[in-house]
Amino acid sequence: MHDASWALAPEGTNPEIVAWVEQLAHLLTPDTVVWCDGSVRERDGLNRLMVANGTLIQLNPEHRPYSFLARSHPADVARVESRTFICSDDEADAGPSNNWIAPGEMRATLAGLAEGAMRGRTMYVLPFSMGPLDSPLSRFGVQVTDSPYVAVSTGIMTRMGSAALERITPGTSWVRAVHTVGAPLAPGEVDVAWPSNETKYISHFPETREIWSYGSAYGGNALLAKKAFALRIASAMARDEGWLAEHMLLLKVTNPRGRVFHVAAAFPSACGKTNLAMLRPSIPGWQVETVGDDIAWLAPDSWGRLKAINPEAGFFGVAPGTGVSTNQTAVDTLWGNTIFTNVALQDDGDVWWEGLTDTPPSNLTDWQGEPWTPSADRPAAHPNSRFTVAAAQCPTMSDDWEDPAGVTIDAIIFGGRRATNVPLVVEARDWDHGVFLGATISSERTAAAEGTIGELRRDPFAMAPFCGYNMADHWQHWLDVGGQLRRSGRVPRIFQVNWFRKDDDGSFLWPGFAENSRVLAWILDRVDGVAPAVPGPLGWTPTPGALNVQGLDLADDALAKLFEVDPAAWSDELDDTERFFGTFGDRLPESMSRQLAVVRERIEAVAAARAEHASAA
Ligand code: OXD
Ligand code: MN
């Protein structure tokens, strides 16, 4: 009965996709099916539709041309990790850091929820490429969704539409992604601006490369190309195919001598990744350009170089904290053609969020549509409010960001948010030590008391919420890729950074932001073979004077404190690491236990040397 109103698939569409869409349409029973072609005309139509039904507010084109504000349901504002599942056949393959439900059980649950879930709505079919069309590093996917907001956002975040669909020929593999907001409409029922469901499931089936998402229209829960595909499913694909899908930004950096480097860097959420991706160096002669801000796919090529692409085509960035003083490049990127979600609205029809400017406007409408003034005791924009914008609009995008061959990675950086212990920068002794640094990324949950460490939130490789398989196997996979690179002798150097170390009075020791270019310069001078370093218990650190701090207003002992190693605190830290490693049982690679033992030995040696020194004095 429905078939009559379904738009036909474009001529020549892979019959496998057609059959899959038909099967889903029978289950989800939308009123209509629309195959998205990715055209401007189509996007324009969807935006108009959303303005008409209240999902989008068009911003004042004089301030923000062709831009919109969406206000989500107040209970649908972020990724829900507690409702995110890795449904591998074997529970041990999901590992201790993921929620697991047996695939059969999850399929039965989802089939029940999906039945009729799109009633009264349109099902949009979104074919897309992650990575540049025709890059050997790219992969395809098709998402169905009943949210026009998700359709338009996917059009910004991926290469979506006819060009992708044409390339998914029979025999080409593609990821299947099903999304519904889970809010069917009864005949005549008036829709709400942001339909969603209290019940939420973000489910991944790594073996069959499938994603099923129910109940949310927000961010990573719904824009399935991003975290669900490009990280969770892609990491499982990468494990099987010998590459890496990582939560990393990508940079092109040119030094004052004109040598070009590419850097991949992993940081947990909310550690300033977008700011680093759009860094404006404070030191003369260095140029930093953007290749990607959130996800990198890396693969050894036949020459043994580690190549990388940014699989995304847009930014889905956190708005609060993005401002003229912290990230002018991002602010410039957002001049127009942007969808804002859950930010505040100004009286003149432009947007605002905490940190955009130093002083807030005197009157605003907050993210929930309520009047707001600076005396309010709640933020005007939701802390996880976002902008969705094409990467091509970013003024610092590098000329090679869409190179189908990818860029060659020279250095890999791991960072966390650590008030204590972790130095400003350390170079790993070798690849395996670098993998250990990645595996031990963590942030303090609580402010640490003097001489102790706060409770650590472990976020290995910044992938804790995003690894589609057992994290310990992920480390082993990194060790294996390192082995492959080593055979060619073109192993990228690995570094650990920490912008967030604090002084005893709780103030940050390092200014961060643009000044992080100084650390980047030392890192790339290391790669270039011109920066001196000293070996220490944690790896190589800059020799005194090697880190350019000229013109920086640092306290006298700040540098010493930024690199200080406290053996007692480190002993506690290593105990914590050992407990954490223990949760992976026999999946933990032996090399990780070995690395831990080496650091322990070195820390004990420091303690012994200091004790001797003290007794001699
Ligand atoms: C993101 C995240 O949204 O890492 O990018 O949480
Ligand atoms: Mn991220």
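The coordinates are above.
Treat the numbers as computed from the prediction; the structure is a model and nothing was measured.

Draft legend 1. The overall build of the protein, seen in detail. Helix and strand counts for the protein stand at 16 helices and 31 strands. On C-alpha atoms alone, the protein measures out to a radius of gyration of 25 Å, which is about the 25 Å that the 2.2 N^0.38 rule sets for 617 residues. Overall, the protein is about 90 × 55 × 45 Å in size when its C-alpha atoms are taken along their principal axes. Of all 617 residues assigned to the protein, the portion counted as buried reaches 59%. Long-range pairs, those at least 24 residues apart, make up 73% of the contacts in the protein between residues at least 6 apart in sequence. Of the accessible surface of the protein, which amounts to about 23,900 Å², a share of 52% is contributed by carbon and sulfur atoms. Where the 50 positive side-chain charges of the protein centre and where its 77 negative ones centre are 3 Å apart.

Draft legend 2. Looking closely at a negative patch on the surface. Residues Asp89, Asp90, Glu91 and Glu207 make up a contiguous surface patch of negative charge. Looking at where aspartate 90 falls in the secondary structure, it is placed in the loop between β4 (84-86) and α3 (91-94). A relative accessible area of 39% places aspartate 90 in the partly exposed class.

Draft legend 3. Broad picture of the sheet that holds strand β16 (residues 306-309). Here we have 4 strands laid out as an open sheet, ordered β11-β15-β16-β24, and antiparallel in their pairing. Taken across any chain shown, the strands that pair with only one partner, and hence form the sheet edges, are β11 (244-246) and β24 (407-408). In the packing of helix α8 (residues 225-241) onto the sheet, the strands contacted are β11 and β15 (296-300), and the crossing angle to β11 comes to about 160 degrees. Packed onto the sheet, helix α12 (residues 471-488) meets β11, β15 and β16 and runs at close to 125 degrees relative to β11.

Draft legend 4. Region of the structure containing the sheet that holds strand β18 (residues 339-341). If you trace the 5 strands from one edge of the open sheet to the other, you get β2-β3-β18-β23-β17, paired in mixed fashion. Because the sheet does not close on itself, it has two edges, and the strands there are β2 (56-58) and β17 (314-318). Adjacent strand axes in the sheet meet at a mean angle of 20 degrees when their direction is disregarded. Here 3 bridges tie β2 to strand β3 (residues 68-70), and the two strands are oriented antiparallel to one another. Looking at β3, one finds that isoleucine 57 is bridged to leucine 69.

Draft legend 5. Structural view of the coordination of the manganese ion (ligand 2). Bound to the manganese ion (ligand 2) on the protein side are Lys227 (NZ), His247 (NE2) and Asp294 (OD), at distances that span 2.1 to 2.2 Å. When the donor residues of the manganese ion (ligand 2) are listed from N- to C-terminus, their spacing reads K-x19-H-x46-D. Here the residue lysine 227 occupies a position in helix α8, and aspartate 294 occupies one in the loop between β14 (287-292) and β15, the gap between them amounting to 67 residues. Judged on exposure class, the residue lysine 227 and its partner aspartate 294 are both buried.

Draft legend 6. Just the pairing of strand β12 (residues 248-254), in detail. Of all the 7 residues making up β12, 7 are buried; the element is thus mostly covered by neighbouring parts of the structure. Here β12 shows two buried faces, one formed by Met248, Leu250, Lys252 and Thr254 and the other by Leu249, Leu251 and Val253. Relative to strand β13 (residues 260-266), β12 is paired through 7 bridges, and the arrangement is antiparallel. When the bridges of β13 are listed, methionine 248 appears paired with alanine 266. What sits between β12 and β13 in their antiparallel hairpin is a turn of 5 residues, with glycine 258 showing a positive phi close to 90 degrees. Summarising the sheet, β12 and β14 pair through 5 bridges and their orientation is antiparallel. From the neighbouring strand, leucine 250 faces β14, where its bridge partner is glycine 292.

Conventions we followed
- Chains are numbered independently. Their residues run from 1 in the order of the written sequence.
- Chains and ligands are labelled sequentially in the order written, the chains with letters from A and the ligands with numbers from 1.
- In keeping with the predicted nature of the model, local features appear solely for residues at pLDDT of at least 70, side-chain atom pairs appear and are counted solely at 80 or more, and the whole-chain, interface and lining totals rest on all residues.
- The basis for every side-chain value is the complete set of heavy atoms in the structure, and neither hydrogens nor water enter the calculation.
- Runs of E in the DSSP output that reach at least two residues are strands. Runs of H or I that reach at least four are helices, and both are numbered from the N terminus.
- We compute the radius of gyration over the C-alpha atoms and compare it with the globule rule, which gives 2.2 Å times the number of residues raised to the power 0.38.
- Buried, partly exposed and exposed residues are distinguished by accessible area as a fraction of the type maximum, computed with a 1.4 Å probe on protein chains only: under 20%, between the cut-offs, and over 50%, respectively.
- We call two residues contacting when some pair of their heavy atoms lies within 4.5 Å.
- Computed with the Shrake-Rupley method and a 1.4 Å probe, the accessible areas treat only the protein chains shown as cover for residues.
- A positive count includes Lys and Arg, and a negative count includes Asp and Glu. His and the chain ends are not counted in either.
- Charged side chains are reduced to one point each, which is NZ for Lys, CZ for Arg, CG for Asp and CD for Glu.
- In this scheme, patches are assembled from residues that exceed 30% relative accessible area and form no salt bridge. Like charges are connected within 9 Å, while nonpolar side chains (Val, Leu, Ile, Met, Phe, Trp, Tyr) are connected within 5 Å.
- The salt bridge criterion pairs a side-chain nitrogen of Lys or Arg with a carboxyl oxygen of Asp or Glu, the two atoms within 4 Å.
- Following DSSP output, two strands are said to pair if at least two bridges run between them.
- Orientation is described by axes fitted as lines to C-alpha atoms, over the contacting stretch for helices, and by angles from 0 to 180 degrees between their N-to-C directions.
- Any N, O or S atom lying within 2.8 Å of the metal counts as a donor, with the limit raised to 3.2 Å for Na, K and Ca; because water is left out of the atom set, some sites can appear incomplete.

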